[in-house]
Amino acid sequence: MRFASKWCLCLALLAALPALAAANPHEPEFGWRHRERRRESFGPAQGYVAVKGGGLALGAAGATGGTYVGVETGITASEVLDVGFSVDYFHRRSRDLDVWFETDHGFDPPVRGEITRFESSADFVPIGVTARLRLPTGTQACRPFVAATLAYEVLHLSFFDRNAPVRPYDNILTNDETFMGFGWQASAGVDFGLAPGVGVFGELGLHRGTPSQAVEVNGDPVDLRVQMNGAFLRGGVRVAL
């Protein structure tokens, strides 16, 4: 997965930055606070990149859920405000298999033959603008925040059913459908500083969105909508640029 390489890069930065942030003996003042003050003296705006990973549970009772990852880049407009561009990705896959055979002699481990009876997948991509407001705690070590995102969302659904019965919507929906629309999400969390310009964070939030498409059935316009409402929990790494 593309995100695996980004996580490895962030972990490498975490390992290298503490050594780079060591105090210079020629400086009259040492430590993180001095470097933060010196960095801020160049201006309040500073770029950042954040990589996030976790899960999103859809439905009031979390009936369906899947992996929810994302990347965000933007600027720190002030000490308490971030404004960024975010791309998130939700994936869910479910399968129902029939066992055709399984070898009991010769192969170790044994070989198992399976036939897919049913398979369904969902790929959901919100692309949006994020604003994050931090509480002015006076320290970089622990900073609570609230965030909101307004996004344009694309949802692709596909399924395969080997023994599908006749359904009333077969003349409306195909095995691959794409839905689009606007949505939003809001979250609250905590940002923990590890070194100058590097931190980890966790957030708990809600997503609301109803991607749709318009079709015509017997000459009448019909709106097809998919409820993508649910709660998410994610953690990640943030690196200042």
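My aim in this report is to walk through the structure given alongside it, one point at a time. (Residues numbered from 1 in each chain as written. Predicted model: local features only at pLDDT ≥ 70, side-chain atom pairs only at ≥ 80, totals over all residues. Heavy atoms only, no water.)

## Looking at the nonpolar core
- Of all hydrophobic cores here, the largest spans 14 residues; its most connected members are L56, F90, L155 and M228.
- Contributing elements (two or more residues each) for this core: strand 1 (47-58), strand 4 (112-134) and strand 8 (212-217).
- Residues contacting L56, with those up to four places away along its chain left out, are T64, G65, G66, Y68, F90, H207, G230, A231 and F232. (Core = buried A, V, L, I, M, F, W, Y, C linked by side-chain atoms within 4.5 Å. Buried < 20%, exposed > 50% of the residue type's maximum accessible area, 1.4 Å probe, protein only. Helix = DSSP H or I, 4+ residues; strand = E, 2+ residues; numbered from the N terminus. Contact = heavy atoms within 4.5 Å.)

## Remarks on the environment of Q46
- Structurally, Q46 is set in the loop between helix 2 (32-40) and strand 1.
- According to the relative accessible area criterion, Q46 is buried, its value standing at 18%.
- When the C-alpha positions of Q46 and G74 are compared, they lie 8.3 Å apart, and in sequence the two are 28 residues distant.

## Regarding the pairing of strand 6 (residues 176-195)
- Across 17 bridges, strand 5 (residues 142-161) lies against strand 6 in antiparallel orientation. Across the sheet, the residue bridging to V154 is M180, located in strand 6.
- Examined bridge by bridge, strand 6 and strand 7 (residues 198-209) share twelve bridges and lie antiparallel to one another. Counterpart to A186 in the pairing with strand 7 is L206.
- Here strand 6 folds back onto strand 7, and the loop between the two strands holds two residues, one of which, G197, carries a positive phi near 85°. (Pairing = 2+ DSSP bridges.)

Read these as layout, nothing more, since geometry by itself doesn't imply function.
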